[in-house]
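# Structure assessment
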Amino acid sequence: MPSPVEEGVATGQPVDLTGATDRDVPADLLRELVAAGAPGLRLTGARVVGPLDLGGLRIGGPVRLVGCDFTAPLSLRDADLPLLDLRRSRLVSLSVTEA
């Protein structure tokens with residue numbers, strides 16, 4: 001049975017983890033869902049655990065990671081996406097070459 005994060009990301013629905021007791025979302029899971037055709041990412045208040053490498057992916061919808069904490073770098077090298085929203089997020093590092 002998919003988690004609320006998996007279900008929301010897979011269907012393009014916003015997922016708000018603000019105030020949740022477990023805000024951890026594995027970066028590998030997010031990449032896997034986007035690579036499988038998820039219509040973007042819409043997460044608020046998540047703690048993204050591990051490096052999130054979306055490099056080289058064509059993402060059909062917006063990437064909204066609002067108020068998220070990243071434990072490792074976010075890479076969008078050579079990614080194709082219509083919108084990037086990182087408002088109030090705390091990043092270790094960000095790479096967007098050719099994005």
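Analysis parameters
- Residues numbered from 1 in each chain as written.
- Predicted model: local features only at pLDDT ≥ 70, side-chain atom pairs only at ≥ 80, totals over all residues.
- Heavy atoms only, no water.
- Helix = DSSP H or I, 4+ residues; strand = E, 2+ residues; numbered from the N terminus.
- Buried < 20%, exposed > 50% of the residue type's maximum accessible area, 1.4 Å probe, protein only.
- Pairing = 2+ DSSP bridges.
- Salt bridge = Lys/Arg side-chain N within 4 Å of Asp/Glu carboxyl O.

## Comments concerning unusual backbone geometry
- Notably, Asp78 is not glycine yet its phi reads approximately 60°, a positive angle.
- With respect to the helices and strands, the residue Asp78 is situated in the loop between strand 8 (74-75) and strand 9 (84-85).
- For Arg88, which is not a glycine, the phi torsion comes out positive at approximately 60°.
- Along the chain, Arg88 falls in the loop between strand 9 and strand 10 (94-95).
- The exposure class of Arg88 is exposed, given its relative accessible area of 57%.

## Points about the sheet that holds strand 8
- The parallel open sheet is built from three strands, whose spatial order is 5-8-10. Each edge of the open sheet carries a strand with a single partner, namely strand 5 (52-53) and strand 10.
- Sheet topology note: the strand 5/strand 8 ladder contains two bridges and is parallel. Bridging across to strand 8, Leu52 finds its partner in Leu74.

## Examining the pairing of strand 3 (residues 41-44)
- Because side chains alternate across strand 3, one face comprises the buried residues Leu41 and Leu43, and the other comprises Arg42 and Thr44, none of which is buried.
- Inspection of the sheet shows strand 1 (residues 15-16) paired to strand 3 by two bridges, in the parallel sense. Note on strand 3: the bridge partner recorded for Val15 is Leu43.
- Direction of pairing for strand 3 relative to strand 6 (residues 63-66): parallel, over a ladder of four bridges. Looking across to strand 6, one finds that Leu41 is bridged to Val63.

## Focus: the sheet that holds strand 9
- Taken in spatial order, the four strands of this open sheet run 1-3-6-9, and their pairing is parallel. In this open sheet, the two edge strands, each paired with only one partner strand, are strand 1 and strand 9.

## Concerning the pattern of salt bridges
- Tallied over the entire structure, the rule returns six salt bridges.
- The salt bridge involving Arg47 is made with Asp24; its shortest N-O contact spans 3.2 Å. In this pair, Arg47 sits in strand 4 (residues 47-49) while Asp24 sits in strand 2 (residues 24-26), placing the two residues 23 residues apart along the sequence.
- By relative accessible area, which is 33% here, Arg47 ends up partly exposed.
- By relative accessible area, Asp24 is classed as partly exposed at 39%.
- Between Arg87 and Asp85 there is a salt bridge whose closest N-O contact spans 2.7 Å.

Geometric descriptors of this kind do not, in isolation, establish any biological role.
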